[in-house]
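So the chains spell out like this:
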Amino acid sequence: MLRRPAWQVLRQFVRHESDTVGSLVLERSMNRVQLLGRVGQDPIMRQVDGKNPVTIFSLATNEMWRTGESEVTQGGDISQKTTWHRISVFRPGLRDVTYQYVKKGARLFVEGKIDYGEYTDKNNVRRQATTIIADNVIFLSDGGMKEKV
């Protein structure tokens, strides 16, 4: 199997000569997210106006760091920040498995893309929402797994 040097692969990814239209060069880009965390709520499945159904759940990720004079020594306090992410699963097979088997507290690895959107709430106020559109969900613990009948 022949392998191309990394710089050739990167060059193709960043700027592809065959995508040149006149003087316009279309560059490739990437929108990729990887999260490892715990599920904050049991998933729900929604279907709006006859569109494809979607499974939605929240995922918590934690960031920990040591504060104090020296981060190398054992001295100092440990601080933690929890960030909550809204996960949406549209892919039919993955959507159904996620809805059926994920439970609050389950440890998951989620891959997908980040999506920014706007909606109007019940009080007619425009809100912004950040959502992770999941392409892949890997179950890392069965402590949070459930079976719905």
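So, here is what we can say about the structure in this document.

About the criteria used
Each chain carries its own residue numbering, running from 1 in the direction its sequence is written. Reporting in this predicted model follows two pLDDT cut-offs: at least 70 for local features of residues, and 80 or more for side-chain atom pairs to be given and counted; totals over whole chains, interfaces and linings ignore these cut-offs and use all residues. Just so you know, side-chain values use all the structure's heavy atoms and leave hydrogens and water out. Only DSSP runs of H or I with at least four residues qualify as helices, and only runs of E with at least two residues qualify as strands; both kinds are numbered from the N terminus onward. Each residue gets one of three labels from its accessible area relative to the maximum for its type: buried under 20%, exposed over 50%, partly exposed in between, using a 1.4 Å probe on protein chains only. Two residues form a contact once any of their heavy atoms are found within 4.5 Å. A side-chain nitrogen of Lys or Arg and a carboxyl oxygen of Asp or Glu constitute a salt bridge if their distance falls within 4 Å. To count toward a patch, a residue needs a relative accessible area over 30% and no salt bridge; like charges are then connected within 9 Å, while nonpolar side chains (Val, Leu, Ile, Met, Phe, Trp, Tyr) are connected within 5 Å. Areas reported as accessible are Shrake-Rupley estimates using a 1.4 Å probe. Residue values count occlusion only from the protein chains shown.

### Looking at the overall build of the protein
Next, step 1: Within the protein, the regular secondary structure consists of 2 helices and 8 strands.
Next, step 2: Counting helices and strands in the order they occur from the N terminus, the protein gives α-β-β-β-β-β-β-α-β-β.
Next, step 3: Buried positions account for 25% of the 149 residues belonging to the protein.
Next, step 4: Long-range contacts, defined here as pairs at least 24 residues apart, represent 59% of the contacts in the protein between residues at least 6 apart.

### Here's the deal with unusual backbone geometry
Next, step 1: You will see that aspartate 49, though not glycine, has its phi angle at about 50 degrees, which is positive.
Next, step 2: As for its placement among the helices and strands, aspartate 49 is situated in the loop between β4 (44-46) and β5 (54-67).
Next, step 3: Look at aspartate 49 and you get exposed, because its relative accessible area is 73%.

### Points about the pattern of salt bridges
Next, step 1: Under the definition given, this model contains 4 salt bridges.
Next, step 2: A salt bridge links aspartate 135 to arginine 32; the shortest N-O distance between them is 2.7 Å. Of the two residues, aspartate 135 is situated in strand β8 (residues 126-139) and arginine 32 in the loop between β2 (24-27) and β3 (33-39); the sequence distance between them amounts to 103 residues.
Next, step 3: Glutamate 118 is paired through a salt bridge with arginine 126; the nearest N and O atoms lie 2.1 Å apart.
Next, step 4: The class of arginine 126 is exposed, set by a relative accessible area of 62%.

### What about a nonpolar patch on the surface?
Next, step 1: Together, Leu36, Ile138 and Leu140 give the surface a local cluster of nonpolar side chains, amounting to about 240 Å² of exposed area.
Next, step 2: Inspection of the secondary structure puts leucine 140 in the segment after β8.
Next, step 3: For leucine 140, a relative accessible area of 43% corresponds to the partly exposed category.

### Topic: the side chain of arginine 95
Next, step 1: Relative to the assigned elements, arginine 95 resides in helix α2 (residues 92-101).
Next, step 2: On the accessibility criterion, arginine 95 (10% relative accessible area) is buried.
Next, step 3: Ignoring any residue separated from it by four or fewer positions in sequence, one finds arginine 95 in contact with Met45, Pro53, Val54, Thr55, Val89 and Phe90.

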